[in-house]
Amino acid sequence: MISFERVSLEYQADRFALQDVSFSLEPGSFTYLTGHSGAGKSSLLKLIARLEKPTSGEIHAGKILYSKLNRRQEPDLRKQMGIIFQDNQLLADRNVFDNVAFPLIIHNYKFSDIQTRVNAALKKVGLADRGAEDPRGLSGGEQQRVGIARAVVARPKILLADEPTGNLDAEMSAEIMQLLMQFNASGVTVLIATHDEGLLNTFNYPRLVLRQGRLIHPGDSRHSVIEGHTNRRQPAIKRVRNPA
């Protein structure tokens, strides 16, 4: 579903957000992207979402080769992806329904389809009766649920989450994780960037571990690119060997 082949992202001369990163994620996998603050987690998610372009290397999403994409094809790629932000990025001048509908409006969905999909998404996150409300009046956890509904309203194949529980307490974090696990159970590929050790230890899934813009190799005794996965199927993540 997603693969990086020797991908680097240089933001200043000889200063890299990511350097020589190679991995692949299988369709329907659930994976953490972790590492210290500034390790390159957000940059990697932006590359997948085509919000940034790599300095070198190649990225694939399914059969889509990013280097061959033109500007007109990018919206079709983004339709396959939902993005959840730590700070929600909800629109203050729109109600909950319109916030969730925003991606569908951008992609010119019919009004009847927008109503059906938004209502279904709000029901899925437990906010079926809150569509007319001002999002600023919701709790932090409820706002994050609106963000999740917006991310999944177009029924994406890939769900990217950047610190989705960073501003929430442990109980609300667990509820958000349960929602993400439900979407994964329906076949959505989920990649969550987080450095929350409580979250990582409570919900045990495979991990991509970044250190200073590089993926740590499995042979590194200090960390592992792939860490334990005991509560469901075997890790659905594969290293891509760098060419000699």
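Worth saying up front: this structure is predicted, and the values here are computed from it rather than measured.

Trainee: I'm lost on the packing of helix H3 (residues 96-106) against helix H5 (residues 140-152) in this one. Help?
Mentor: Describing two packed helices takes the angle between their axes plus the distance from one axis to the other. Close contact between H3 and H5 brings their axes to 7 Å; oriented N to C, the two are set at 35 degrees. For the pair H3 and H5, the sense of crossing is right-handed. Across the interface between the two elements, Val96, Asn99, Val100 and Pro103 from H3 touch Val146, Ala149 and Arg150 from H5. Class assignment of the residues belonging to the contact of H3 with H5 gives a composition of 5 nonpolar, 1 polar and 1 charged.

Trainee: Help me understand unusual backbone geometry in this model?
Mentor: Trans is the common state for peptide bonds, and a negative phi is the common state for residues other than glycine. Although it is not a glycine, Arg50 adopts a positive phi angle of roughly 65 degrees. Take Arg50: it is sitting in the loop between helix H1 (41-48) and strand E4 (56-61). Judged by relative accessible area, Arg50 falls into the buried class, the value being 9%. Backbone geometry places Gln89, a non-glycine residue, at a positive phi of 55 degrees.

Trainee: Sorry, what's going on with H1 here?
Mentor: Every α-helical turn comprises 3.6 residues, leaving residues that sit three or four positions apart pointing alike. Counting buried residues in H1 gives 6 out of 8 residues, a clear majority hidden from the surface. Within the sequence span of H1, burial applies to Lys41, Ser43, Leu44, Leu45, Leu47 and Ile48.

Trainee: Would you take a moment to explain the pattern of salt bridges for this structure?
Mentor: Enumeration according to the criterion identifies 7 salt bridges in this entry. Arg6 is the partner of Asp20 in a salt bridge, and the nearest nitrogen-oxygen pair spans 2.8 Å. Placement of the pair is Asp20 in strand E2 (residues 15-25) and Arg6 in strand E1 (residues 2-12), with a sequence separation of 14 residues. Given the relative accessible area of 24%, Asp20 is considered partly exposed. Its relative accessible area of 36% is what places Arg6 among the partly exposed residues.

Trainee: How do you make sense of the packing of aromatic side chains when you look at a structure like this?
Mentor: Any aromatic ring pair is given by two values, namely how distant the centres are and how the planes are angled relative to each other. Applying the stated criterion across every chain, the model contains 4 aromatic pairs. Here the aromatic rings of Phe4 and Phe23 are separated by 4.8 Å at their centres, their planes lie at 25 degrees, and the arrangement is stacked. Taken as a pair, Phe4 in strand E1 and Phe23 in strand E2 lie far apart in primary sequence, 19 residues in all. Residue Phe4 is classed as buried on the basis of its relative accessible area of 0%. Given the relative accessible area of 0%, Phe23 is considered buried. Aromatic side chains Phe30 and Tyr205 sit 4.1 Å apart centroid to centroid with 25 degrees between the ring planes, which places their arrangement in the stacked category. Within this pair, whereas Phe30 is found in strand E3 (residues 30-35), its partner Tyr205 is found in the loop between helix H7 (197-202) and strand E9 (207-211), the two being separated by 175 residues in sequence. Of the two residues, Phe30 and Tyr205, both sit in the buried class. Site record: aromatic cluster; members linked through ring pairs are Phe30, Tyr32 and Tyr205.

Parameters at a glance
- Residues numbered from 1 in each chain as written.
- Predicted model: local features only at pLDDT ≥ 70, side-chain atom pairs only at ≥ 80, totals over all residues.
- Heavy atoms only, no water.
- Axes fitted to C-alpha atoms, helices over the stretch in contact; angles between N-to-C directions.
- Helix = DSSP H or I, 4+ residues; strand = E, 2+ residues; numbered from the N terminus.
- Left-handed = near helix turned anticlockwise from the far one by under 90°.
- Contact = heavy atoms within 4.5 Å.
- Nonpolar A, V, L, I, M, F, W, Y, C, P; charged D, E, K, R; others polar.
- Buried < 20%, exposed > 50% of the residue type's maximum accessible area, 1.4 Å probe, protein only.
- Salt bridge = Lys/Arg side-chain N within 4 Å of Asp/Glu carboxyl O.
- Phe/Tyr/Trp six-rings, centres within 6.5 Å; stacked < 30°, edge-to-face > 60°.

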